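# Architecture and fold: a report
Spelled out from the first residue to the last, the chains are:
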Amino acid sequence: MTFHLESCSYVCAAQDVLVYLFGESAVHLTLEGLGTVTVQELGQSVREALHIPDSAREVFAFWLCSPLLDLQLKLRHQPYKLCRQWQDLLYRFTDASEEDISQDEPYLQFRRNVFYPKSKEQQIEDEAVLRLLYDEAKSNILAGRYPCDPEHWTDLGALSFALDEGTGLDDQQFATKVSSYVPAHVAIGSGGLFSTLRGKSSRQAGVEQNLLAAYRKLCTSVGDSPEPTQLLHQYLHTCHTLPYYGYPEEEGDSHILWLEFDGEEDGTAVNKLLKIYSKQVRKMSSASQYVVVAACLRSVANYLTVARAR
């Protein structure tokens, strides 16, 4: 568990916390008063550890993630308390079985803020910030969470090769790394396990040749020592053209999106939740679309509150 819930209490003087990033890395923090630490306070510590400027504080958010639920946290949320309430949240927001819920455990992740506009993301110049966005986008491409056609993942794979391995690979070095730079379903190949054991299928050979050609073309255009920010911008710009980049997470295969609003009833601050069932959930990818939908639904929620009071 990220917060070592079994051993930690609110009176602990200092506790270790792991905040996970994409790319199989994590930020290790030691915090006092963990039980009452807010996301806003935690954000300052993580940004300092990652050398991210305060000007980029809105780019990323903290998420509690598990196989059953990904939940983006607000600045006022206290992650430790939400971890203690995780099973209640699963009963509230998922249709998982009681057995699955009892075995589910969350971890804390620092990743892209789903509400951050792509138009602002395109203006970022800080390499550390761009690198984190790149690591997340690359992970989603390779895992198939950002479906795309061969032209896109070939261009993205070539950019990743240049960013991670440099522009000086020979053909043999390139061939040994191909499977790490294409989506998993592409790397396996159309012939399955046995064809892989016998040797490359014609499809796999074609994938490798296309990716190598894209890599060689890129290396020629950018030169021997390209600026990392140039390649990072190219990668993210290509991802911005994909329909699912930056979309709000949906719940499983049920096409469900939860929207939470801060509201007030009888002078008391309350949270209002709306549950949207729609196959178009994933297409609400830009912040502008999302805000328009949220604003409309907020009006509906407020109207229903007034109507109920009457």
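Computed from a prediction, not measured in an experiment: that's the story for all the values here.

Moving on to the overall build of the protein chain. A count of helices and strands for the protein chain gives 13 helices and 7 strands. Classification of the 310 residues of the protein chain by burial places 43% in the buried group.

On to the confidence of the model for the protein chain, then. Mean pLDDT over the protein chain stands at 79; residues scoring 70 or higher make up 72%. With pLDDT under 50 throughout, residues 190-198 is counted as low confidence; its partners more than four residues away or in other chains account for 5 contacts. A low-confidence stretch, residues 283-310 (pLDDT under 50), is modelled with 35 contacts involving residues beyond four sequence positions or located in other chains.

Further remarks concern empty space enclosed by the protein. By the definition in use, this model includes 3 cavities of 30 Å³ or more. If you add up the space inside the largest cavity, you get close to 50 Å³. Counting residues per element, the ones that place at least two in the lining of the largest cavity are α6 (127-142) and α7 (150-165). When residues in the lining of the largest cavity are grouped by element, the largest group, 4 residues, is from α7. Residues belonging to the lining of the largest cavity are distributed by class as follows: 8 nonpolar, 2 polar and 1 charged.

Below, the discussion takes up the packing of aromatic side chains. Under the criterion given, the structure shown has 9 aromatic pairs. A ring pair is formed by Phe161 and Phe174, whose centres lie 4.2 Å apart and whose planes are at 20 degrees; its orientation type is stacked. Residue Phe161 is found in helix α7, and its partner Phe174 is found in helix α8 (residues 171-175); the two are separated by 13 residues along the sequence. There is no split in this pair, since Phe161 and Phe174 are both buried. Taken together, a centroid distance of 5.3 Å and an interplanar angle of 35 degrees make the contact between Phe174 and Tyr215 tilted. Taken together, the residues span a long stretch of sequence, with Phe174 in helix α8 and Tyr215 in helix α11 (residues 202-222) at a distance of 41 residues. Owing to a relative accessible area of 0%, Tyr215 belongs among the buried residues under this scheme.

In this structure the tally under the stated criterion is 0 disulfides. Counting only cysteine sulfurs, Cys148 is the nearest neighbor of Cys239, a cysteine outside any disulfide, at a range of 7.8 Å. A residue is classified by how much of its surface remains accessible, and Cys239, at 0% relative accessible area, is buried.

Let's shift gears to the nonpolar core. The biggest cluster of nonpolar side chains holds 68 residues, and the ones touching the most others in it are Val19, Phe62 and Phe110. Summarising the domain contributions, this core has at least three residues from each of domain 1 (1-116 + 255-309) and domain 2 (120-241).

Over its 12 residues, helix α1 (residues 39-50) runs 16 Å from end to end, which matches the ideal 16 Å to within 8%, given 1.5 Å per residue. Listing the buried residues of α1 in full gives Val39, Leu42, Gly43, Val46, Arg47 and Leu50. In an axial view of α1, the angular spread of the buried residues amounts to 135 degrees, which keeps them on one side of the axis. The inward-facing, buried residues of α1 contact β1 (15-21), β2 (25-31), β3 (60-65), α2 (79-84), β5 (107-112) and α6. Just downstream of α1, His51 is the residue with a positive phi angle, here 60 degrees.

The end-to-end C-alpha distance of α6 is 22 Å, a good match for the 22 Å that 16 residues give at a rise of 1.5 Å each. Its side-chain oxygen placed 3.0 Å from the backbone nitrogen of Ala128, Asp126 serves as the N-cap of α6. Directly after α6, the chain includes Gly144, whose backbone phi takes a positive value near 80 degrees.

Attention shifts here to the packing of α7 against α11. When two helices pack together, their arrangement is captured by the angle between the axes and the distance separating the axes. Contact geometry for α7 and α11: axes closest at 8 Å, N-to-C directions at 60 degrees. Looking at the two axes, α7 sits oblique to α11. Here the hand of the crossing between α7 and α11 comes out right-handed. In this structure, α7 contributes Trp153, Thr154, Gly157, Ala158, Leu159, Phe161 and Ala162 to the contact, and α11 contributes Val207, Asn210, Leu211, Ala214, Tyr215 and Leu218. Across the contact of α7 with α11, the residue classes break down as 10 nonpolar, 3 polar and no charged.

Okay, the pairing of β3 next. Extensive coverage of β3 is indicated by the burial of 6 of its 6 residues. Both faces of β3 are covered, namely the face carrying Phe60, Phe62 and Leu64 and the face carrying Ala61, Trp63 and Cys65. Relative to β5, β3 is paired through 6 bridges, and the arrangement is antiparallel. Residue Ala61 lies in a different strand from β5, and its bridge partner there is Arg111. Direction of pairing for β3 relative to strand β4 (residues 70-72): antiparallel, over a ladder of 3 bridges. In the strand pairing of β4, Cys65 is matched with Asp70. What sits between the antiparallel neighbours β3 and β4 is a turn of 4 residues.

Cut-offs used in this document
Residues numbered from 1 in each chain as written. Predicted model: local features only at pLDDT ≥ 70, side-chain atom pairs only at ≥ 80, totals over all residues. Heavy atoms only, no water. Helix = DSSP H or I, 4+ residues; strand = E, 2+ residues; numbered from the N terminus. Buried < 20%, exposed > 50% of the residue type's maximum accessible area, 1.4 Å probe, protein only. pLDDT = per-residue confidence, 0-100. Contact = heavy atoms within 4.5 Å. 1 Å grid on protein atoms, 1.4 Å probe; cavity = no way out; pocket = protein on both sides within 12 Å on 5 of 7 lines; lining within 4 Å. Points joined across faces, edges and corners; volume = space filled by probe spheres on them. Nonpolar A, V, L, I, M, F, W, Y, C, P; charged D, E, K, R; others polar. Phe/Tyr/Trp six-rings, centres within 6.5 Å; stacked < 30°, edge-to-face > 60°. Disulfide = S-S within 2.5 Å. Core = buried A, V, L, I, M, F, W, Y, C linked by side-chain atoms within 4.5 Å. Domains from an automatic or database assignment. Expected span 1.5 Å × (residues − 1). Arc of directions from axis to C-beta. Polar contact = N/O pair within 3.5 Å; in protein donor to acceptor, adjacent residues only side chain to side chain. Axes fitted to C-alpha atoms, helices over the stretch in contact; angles between N-to-C directions. Parallel < 35°, antiparallel > 145°, perpendicular 65-115°, else oblique. Left-handed = near helix turned anticlockwise from the far one by under 90°. Pairing = 2+ DSSP bridges.

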